[in-house]
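Listed below, chain by chain, are the residues.
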Amino acid sequence: MTTTPKPLIAGNWKMNGVTSGLTALRTIAEGVSQHTDTFDGLICLPATMIERGTRLCNGTALLLGGQDCHFEQSGAHTGDISADMLQDAGASYVILGHSERRADHDETNTDVLKKSLAAYETGLTAIICVGETRAEREEGRAMEIVSNQLEGSMSKDANSQNTVIAYEPVWAIGTGLVPSNHDIEAMHGHIRQVLSERFGVEGESMRILYGGSLKPSNAEEILRTKNVNGGLIGGASLKSEDFLAICAAVPGN
Ligand SMILES: O=C(CO)COP(=O)(O)O
């Protein structure tokens, strides 16, 4: 029997948070801890902040994650961070294949798949990001692009416990633009179908997050869209009041 997944409200702090971040993190952790029955709360921190974040959030329900990992657990890879290292610092999730990493570091679907295997080996849950560019949407290829990314970035070992999918249209990230509700529903329905065909019952209960200019003013409508099982939030996750307002918009909260 398929169960509707518990929503996940996840923040991606990207390369931010050093100055005022830890105060905001504690406020977020306390806010999230009041609603553990309706959703899971997660903040994916810069790797250097995870250990301090772990100490600061001790005793709260807030989960912490990283934003990338290497596909190997150790070795001669100057400057890289492994899944084992993230877990050692207190992370339980890792974002993989974010469009900024695909663009800035030429990450391919194969790279993302290999990284997901490292995450699974360590016991981290991978948040695998997919999404089309503006040009691809205008050409009518958004679904085809996302299907290819899912096919190439996900290993056969993915299941509803170790993997979350985040649909983040590249043109909606940091721009204030969001797809229409109709388009979000259509894409999430498409992703659900792809996941169900490949992973069966596991694919039916895998969480699919929406990301891209998600904010308090649009959260309620987006979060109650069919097959939207939470959000991946950039800019608005840096401010505790905005992140908690998005959390408050989770259906049933
Ligand atoms: O990239 C994102 C989350 O991973 C979304 O960023 P924004 O919420 O700032 O648009």
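Once a new chain begins, its residue numbering starts again from 1 and follows that chain's sequence as written. Side-chain atom pairs in this predicted model are given and counted only at pLDDT of 80 or more, local residue features only at pLDDT of at least 70, and totals for whole chains, interfaces and linings cover all residues.

- As annotated in an unreviewed UniProt entry, the chain carries the name Triosephosphate isomerase and comes from Ahrensia marina.
- Annotation of the chain in UniProt includes, under Subunit (unreviewed entry), the sentence "Homodimer." UniProt positions are given in the numbering used here, feature names are shortened, and annotations may be inferred rather than shown by experiment.

Overview of the site of the ligand
Okay, so step 1: Neighbouring the ligand are 14 residues; N12, I173, G211, G234 and G235 lie closest to it.
Okay, so step 2: Amino acids outside the nonpolar list (Ala, Val, Leu, Ile, Met, Phe, Trp, Tyr, Cys, Pro) and the charged list (Asp, Glu, Lys, Arg) are all regarded as polar, and Gly is one of them. Here the residues of the shell around the ligand are counted per class, giving 5 nonpolar, 8 polar and 1 charged. Using a C-beta atom placed from the backbone, a residue is scored as near a molecule or strand whenever that atom is within 6 Å of it.

Structural notes on the UniProt feature "active site" (unreviewed entry) in the chain
Okay, so step 1: Mapped onto this structure's residue numbering, the UniProt feature "active site" (unreviewed entry) falls at H98 and E168. In three dimensions, the annotated residues from a span of 71 residues occupy one location, with a maximal C-alpha spread of 8.4 Å.
Okay, so step 2: Beyond its immediate stretch of four places on either side in the chain, H98 contacts Q67 and C129.
Okay, so step 3: Strands here mean DSSP runs of E at least two residues long; helices mean DSSP runs of H or I at least four residues long; both are numbered from the N terminus. Within the secondary structure, E168 is located in the loop between strand 6 (163–167) and helix 8 (181–199).
Okay, so step 4: What E168 contacts, discounting residues up to four positions off in sequence, is S99, C129, G131, I173, G211, G212 and L232. Two residues qualify as being in contact provided that their C-beta atoms, derived from the backbone, are within 7 Å of each other.

A short note on the confidence of the model for the chain
Okay, so step 1: Summary of the metric used: pLDDT quantifies the predictor's per-residue confidence within the range 0 to 100. Confidence in the prediction of the chain, expressed as mean pLDDT, is 96, and 99% of residues score 70 or more.
Okay, so step 2: Both scores are available for the predicted complex, with the pTM at 0.98 and the ipTM at 0.99.

Brief notes about the UniProt feature "binding site: substrate" (unreviewed entry) in the chain
Okay, so step 1: As annotated by UniProt and renumbered to match this structure, "binding site: substrate" (unreviewed entry) occupies N12, W13, K14, G174, S213, G234 and G235. Separation in sequence by 224 residues is not matched in space for these annotated residues, since their most distant C-alpha atoms are only 14.1 Å apart.
Okay, so step 2: With residues near it in sequence (within four places) discarded, G174 still touches G234 and G235.
Okay, so step 3: Along the polypeptide, S213 turns up in the loop between strand 7 (207–211) and helix 10 (216–223).
Okay, so step 4: For S213, the residues in contact, after removing those within four places along its chain, are A172, T175, G176, L177 and V178.

Regarding the packing of helix 7 (residues 142–153) against helix 8
Okay, so step 1: Note on geometry: axes are lines fitted to C-alpha atoms, helical ones only across the stretch in contact, with angles between N-to-C directions running from 0 to 180 degrees. It is the contact of helix 7 with helix 8, at a shortest axis distance of 10 Å, that shows an interaxial angle of 35 degrees. The hand of the helix 7/helix 8 crossing is right-handed. Only M187, H190, I191 and V194 of helix 8 make contact with helix 7, whose side of the interface consists of A142, M143, V146, S147 and L150.
Okay, so step 2: When its residues are assigned to classes, the contact of helix 7 with helix 8 shows 7 nonpolar, 2 polar and no charged. Crossing chirality is assigned from the near helix's rotation relative to the far helix, an anticlockwise turn below a right angle marking it left-handed and a clockwise turn marking it right-handed.

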